[in-house]
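So the chains spell out like this:
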Amino acid sequence: MKTLTLLGLLSVYSLAASNRIHNQAAQFFSSGHTNNWAVLVCTSRFWFNYRHVANTLSVYRSVKRLGIPDSHIVLMLADDMACNHRNPKPATVFSHKNMELNVYGDDVEVDYRGYEVTVENFLRVLTGRLPPSTPRSKRLLSDDRSNILIYLTGHGGNGFLKFQDSEEISNVELADAFEQMWQKRRYNELLFIIDTCQGASMYERFYSPNLMALASSQVGEDSLSHQPDLAIGVHLMDRYTFYLLEFLEDIHPASKANMNDLFKVCPKSQCVSTPGHRTDLFLRDPGSVLITDFFGSVRKVELTMETINLTGTIVQVEQSAVNGELEKETLTYVDQLPVSEIIHQKPKQKDWHPPDGFILGLWTLILMVFFKTYGIKHLKHIF
Amino acid sequence: MSGISKERKRGQLAALSIAAVVIIVGVPLWWKTTETYRAWLPVSQIKELDILQLQLSADVEVVFARGTVTPEQQKKVPLTLTQDDEHIVDENTSLRYKYETKYRTATIMEEDALNQPTAAEADLSLHTLSESPCGSLVVYVIPEMSLLLPKDVDVYVGQRRTALLRIGAQMRVGRTLEQLLAHLEPRLKQVLQVMSFSHTDITAALSDRVRLSPGNKDSIADSMRAFKSSPGYEITFSLLNPDPQSHRLHWDIEGAVETYIQPLLTKLAPLANFSIDSQTLYYTMLGVNPRYDSTYGRYTLNSDSLAHVINPVEARLGSNAASSNPVLNFLLYVPDANHSPLHIHDSHKQEVISNAFHSPRWGGIMVYNVNDFHGPEAVFPVNINIDMTKVMGVFLAQLRLLLGVQSSTPPPGFLMAPCSSVGLADWELDRLMWSRTVENVATATTTITSLAQLLDQIGNIVINDNIAEQVSSAVSSLQLAVAELEAGNLGFALQYSKEAILASERAFFDPSLLHLLYFPDDQKFAIYIPLFLPMCVPILLSLLKIVSEARKKRKEKLAKKD
């Protein structure tokens, strides 16, 4: 009798253990991604668009907190807020009123700043068609097992998004860019969040698989800003992103919250606009997708069970003589730069150039007016 | 009156000639000048590439040792048999495996080699006799009573390209050659699957073309763990010292890399270029607090918490990689004096012997305990020389896994030779070369076909000459690679596949192919109407006037006739 109960207990325990291992293995394989990337874009510039920069920086902070390193984040900002002449608190960008949280900080790494935030650069980053001289930090080096989070904010309209008040990107171009990413297997799954007016129009045209999209407002609706700060004088955040960040504050790297919770963020009562989402292109069920699959970077880890037994001693690496020199000189920076020459330089003699078109045209005009007024007979004094 | 009609005629002629000039000269000129330059692409060849029919050929030599064949059977050997295995993966991809098996008897020198006491020595002396080319195998069939292999082991897989196969008990008394061959066939197939290519490996390598539903968990783990084929890799070794006040660490990384890692990388040179660098980081802690386990008297890290270790460390690692190649990071962490010794425990609370873990497509971390290097009354900081042999053993194993050398368990009855100091057996290299070649070919074909489709779909993209050149070179390299695979020349096939993938990537990612030329129709009208309408309206109106006057005249003529 005792042995029977013991056997029963053992079998139950082993079943539970194998189940747990099976669950862990299932977790390992369910999402299918090994690394995370984030592309965060703020498409506005100028002081009164402070809230868009604050939006983007707050999402950047959350994403970094949850584990994605700077090398895997492509941050595109006009970056003209912190050092703007109108900023009463220079070198800061606040996201809560009463200046609670400085999202600019001292370790923000902006990859595309100022006038580099263009539609062309954005599409180049997404499709990977960058010139060969582009440094690694400005590239999206994702592979077929990367989950990418794309966040766009700014001013938008029905079917387009305005970039820095001078150009626009249409929803067709965006959908084509995602299709090119899919063709080259540059992502495993992609989460697209947009916080602009009529944001839902931007994801209408998507047609590639494994895309999930969220927008802050439907077509015909405006996304509204949250709260102005009277000391700074502008609105600090947009509503949708504000409540999105409140939601993300509760997420930690081991959290099990899923996408269905994210869809409930900022209902109409809080946001005034109706947030929308699109999941028909996504292969997995949104309820099984963790927030940390996109916003965080939880690494899969395997224990190294095998080692290799190495024999033999280490070969000492010898410094080989080059041209008879046996010692390498240690280089010092100051000696390499001819500082004294640079400081005491004389101004360079500029070569003489013939007068260019403007001066010539001006003189021609003056001469013509003179001869018109006083008659052509004065010409003979010249020729 | 006639003057007016002459005037009118001149006017009509002028209007007609202007209309003629506009239509005959202007419209073609406008069409030609607003055309986008598109160089010629070999579209038909690209379409052909869409249907991929790969044939992989392997040469196998089966050598019968003395005692395995009877004299009558020996007369019928030497013999060559070919075997074809066809698999259809999906409607565009099909695979065919061709095994060309040559049977022969052993030479006297080979018999001497097989008379060695152990299998490892036999393997070594057999290798000195002949060098088998890349992609081929030699299987030596030894009699059942041979003492080379232990009792329960039937197959010994050597470090080069040889295997020893023990004949089964049924073949003891004289049977016909056909029965012997039929008996050997399943065993041979198993050996081939282990040592050259198996269907699961090849279909996993085709994952770029075919998104298959996941097979068994091992294959998914393998495909997720290994880096994808790339022309180069960057390897970074980092020493993390969180406690420089207690430990002064010295590691001879240059010598260790030169002795232990470089031979492996030199062997892998046909696959990719490798660049190695190393760094030391101070005051970098692991992001997780280890727990003190009083039963063992040491600090432990649970396997669940390992996943959160990597992120805080990665932010500090930095990299000086100038290319876009994938980076493999190998970290050696020496725990601080307050948390020494530190051991990693798996989910069953068992200690992990290697004290190391790795993350798919990222790299590995090893924890190195130094508390036995000094006594309890040591004066801090203590000078410590790290034992690089042990460390490199672990890193080499992790490097093998991350580069795609499969770690699948061998079938029952197989004995694998222990890993040599190079870290890679020749047949493992062949396996890797096969799967990489297939992967390169699959990736290059999808890249080229999707590029052709993209350029076809979007009529506004400019196709420069250099892109057309790259595409043509990619297509020709692909055709050559497929041909070489069919012929069984693995080395050349890999080289051509690498060229193909480089050319196709360069063509696809050329910066000039950015399509920003989506113009909605209303914008097109908005641009052309102010340009053409003011010019066309007078012409059209005058033409209409001419036509209406001609009609009136004809009516008058008809009326006059009547």
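All residue numbers here refer to positions counted from 1 along the written sequence of the relevant chain. Going through the entries in the order they are written, you letter the chains from A and number the ligands from 1. Local features are withheld for residues below a pLDDT of 70 in this predicted model, meaning they are given only at 70 or higher, and side-chain atom pairs are given and counted only at 80 or more; totals for whole chains, interfaces and linings count all residues. Side-chain measures were taken over the full set of non-hydrogen atoms in the model, leaving aside hydrogen atoms and water.

What should I look at first to understand the overall build of chain B in this one?
The helix and strand labels rest on DSSP assignments: H or I over at least four residues marks a helix, E over at least two residues marks a strand, and numbering proceeds from the N terminus. Counting secondary structure elements, chain B contains 15 helices and 17 strands. Over its C-alpha trace chain B gives a radius of gyration of 36 Å, far above what one expects of a compact globule, namely 24 Å for 562 residues. Counting across all 562 residues of chain B, residues that qualify as buried make up 48%. Relative to all contacts within chain B whose residues are 6 or more apart in sequence, the contacts with residues 24 or more apart total 79%. Method for areas: the Shrake-Rupley scheme with a 1.4 Å probe, in which residue coverage is limited to the protein chains shown. Counting every atom, chain B has about 28200 Å² of accessible surface; 57% of that belongs to carbon and sulfur. Of the charged side chains in chain B, 50 are positive and 60 negative, and the gap between their average positions amounts to 15 Å. Based on C-alpha atoms, the radius of gyration is set beside the globule rule, defined as 2.2 Å times the residue count to the power 0.38. Here's how the labels work: a residue is buried when its accessible area is under 20% of the maximum for its type, exposed when over 50%, partly exposed in between, all with a 1.4 Å probe on protein chains only. By definition in these notes, contact holds between two residues if any of their heavy atoms fall within 4.5 Å. Neither His nor the chain termini are counted; the positive set is Lys and Arg, and the negative set is Asp and Glu. Throughout, a charge is located at the NZ atom of Lys, the CZ atom of Arg, the CG atom of Asp or the CD atom of Glu.

Sorry if this is basic, but what is going on with the sheet that holds strand β10 (residues 291–293) of chain B here?
The strands that make up a sheet are held in pairs by hydrogen bonds between backbone atoms, and each pair lies either parallel or antiparallel. All names here are of chain B. If you walk across this open sheet you meet the three strands as β10-β11-β13, and the pairing is mixed. The strands lining the two open edges of the sheet, one partner per strand, are β10 and β13 (342–345). Within the sheet, the average angular offset between the axes of one strand and its neighbour, ignoring direction, is 45°. Strands pair, by our definition, only if DSSP identifies at least two bridges between them. Angular values range over 0 to 180 degrees, each being the angle between N-to-C directions of two axes fitted as lines to C-alpha atoms, with helices fitted over their stretch in contact.

What is the right way to read the interface of chain B and chain A from this model?
Put simply, an interface is often sized by how much accessible area is lost when its parts join up. In this complex, chain B contributes 71 residues to the contact, which on the side of chain A involves 58 residues. We define a salt bridge as a side-chain nitrogen of Lys or Arg found within 4 Å of a carboxyl oxygen belonging to Asp or Glu. Linking chain B with chain A are six salt bridges, by the criterion used here. Linking glutamate 314 of chain B and arginine 299 of chain A is a salt bridge whose minimum nitrogen-to-oxygen distance equals 2.6 Å. Throughout this description, a polar contact denotes any pair of N or O atoms lying within 3.5 Å of each other; where both atoms belong to protein, one of them has to be capable of donating a hydrogen while the other can accept it, and for residues adjacent in sequence the pair is counted only when both atoms sit in side chains. At the junction of chain B with chain A, the criterion picks out 18 residue pairs in polar contact (both at pLDDT 80 or more). Every element with two or more residues in the side of chain B that touches chain A is listed here: α8 (217–225), α9 (253–267), α10 (310–317), β14 (356–359), α11 (388–403), α12 (426–457) and α14 (490–508) of chain B.

Please clarify how the sheet that holds strand β6 (residues 160–163) of chain A should be interpreted in this entry.
Residues and elements named next belong to chain A. Overall, antiparallel pairing links the three strands, which are arranged β5-β6-β7 in an open sheet. Strand pairing shows two members of the sheet lacking a second neighbour, β5 (155–157) and β7 (167–170), which therefore form its edges. Mean inter-strand twist for the sheet, computed between neighbouring axes without regard to direction, equals 30°. Relative to β6, β5 runs antiparallel, the two being bridged by three bridges. By the bridge assignment for β6, glycine 156 is matched with leucine 161.

What is the right way to look at a nonpolar patch on the surface in this model?
All names here are of chain B. Nonpolar side chains collect at one region of the surface, where Phe525, Ile529, Leu533, Val537, Leu541 and Leu544 lie side by side and expose about 590 Å² of accessible area between them. Its location among the elements puts leucine 541 in helix α15 (residues 521–561). Using a relative accessible area of 53% as the deciding quantity, one classes leucine 541 as exposed. Patch rule: a residue counts if its relative accessible area is over 30% and it has no salt bridge; like charges are joined within 9 Å, and nonpolar side chains (Val, Leu, Ile, Met, Phe, Trp, Tyr) within 5 Å.

For this particular structure, what's the right way to read unusual backbone geometry?
Only a minority of non-glycine residues have a phi that is not negative, and only a minority of peptide bonds are not trans. Cis rather than trans, the peptide bond between serine 340 of chain B and proline 341 of chain B has omega equal to -15°. The backbone phi angle of aspartate 165 of chain A is positive, close to 65°, even though this residue is not glycine. Given a relative accessible area of 47%, aspartate 165 of chain A falls into the partly exposed group. Even without being glycine, tyrosine 283 of chain B reaches a positive phi, approximately 60°. With respect to the secondary-structure elements, tyrosine 283 of chain B resides in the loop between β9 (273–282) and β10.

In this structure, what is going on with the nonpolar core? I would like to understand it.
Proteins that are soluble and globular tend to have nonpolar side chains buried together. In plain words, nonpolar cores are sets of buried Ala, Val, Leu, Ile, Met, Phe, Trp, Tyr and Cys residues tied together by side-chain atoms within 4.5 Å. Residues Leu56, Phe64, Phe237, Ile386 and Met392 of chain B are the most contacted members of the largest nonpolar core, which totals 121 residues. A per-element tally of this core places α12 of chain B first, with 14 residues. When near neighbours in sequence (up to four residues on either side) are disregarded, leucine 56 of chain B contacts Leu95, Arg96, Tyr97, Lys98, Phe197, Ile202, Trp434, Val438 and Leu485 of chain B. Ranked by size, the runner-up nonpolar core spans 54 residues in total, among them Ala38, Leu149, Tyr240 and Cys266 of chain A.

Just to check I follow, could you spell out the side chain of asparagine 258 of chain A for this structure?
All names here are of chain A. Of note, asparagine 258 is situated in the loop between α5 (239–249) and α6 (259–263). In this structure asparagine 258 comes out as buried when scored by relative accessible area, which is 18%. A distance of 2.8 Å separates a polar side-chain atom of asparagine 258 from the backbone oxygen of glycine 287. Contact partners of asparagine 258, with chain neighbours within four places excluded, come to Pro286, Gly287, Val289, Leu290 and Ile291.

Hey, could you run me through the packing of aromatic side chains in this one?
To describe a pair of aromatic rings, one takes the distance between the centres and the angle between the planes. All names here are of chain B. The aromatic pairing rule takes the rings of Phe, Tyr and Trp, using the six-membered ring of Trp, and pairs them if the centres are within 6.5 Å, calling planes under 30 degrees apart stacked, those over 60 edge-to-face and the rest tilted. As enumerated under the stated definition, the model contains 25 aromatic pairs over all chains in all. Geometrically, the ring pair formed by phenylalanine 227 and tyrosine 233 is edge-to-face, given 6.1 Å between the ring centres and 75° between the ring planes. Summarising the burial analysis for this pair, phenylalanine 227 and tyrosine 233 share the class buried. Considering the side-chain rings of tyrosine 233 and phenylalanine 274, the 5.6 Å spacing of their centres and the 20° angle between planes classify their relative orientation as stacked. Highlighted residues: tyrosine 233 in strand β7 (residues 232–241) and phenylalanine 274 in strand β9, separated in sequence by 41 residues. Judged on exposure class, the residue tyrosine 233 and its partner phenylalanine 274 are both buried. Taken together through their ring pairs, the aromatic side chains of Trp30, Trp31, Tyr528 and Phe532 make up a single cluster.

Would you mind showing me how to read a positive patch on the surface here?
All names here are of chain B. Residues Arg8, Lys9, Lys545, Arg551, Lys552, Lys553, Arg554, Lys555, Lys557, Lys560 and Lys561 make up a contiguous surface patch of positive charge. For the positive patch, the secondary-structure elements that each account for two or more residues are α1 (2–33) and α15. Top element by residues in the positive patch is α15. It accounts for nine residues. Along the chain, arginine 8 falls in helix α1.

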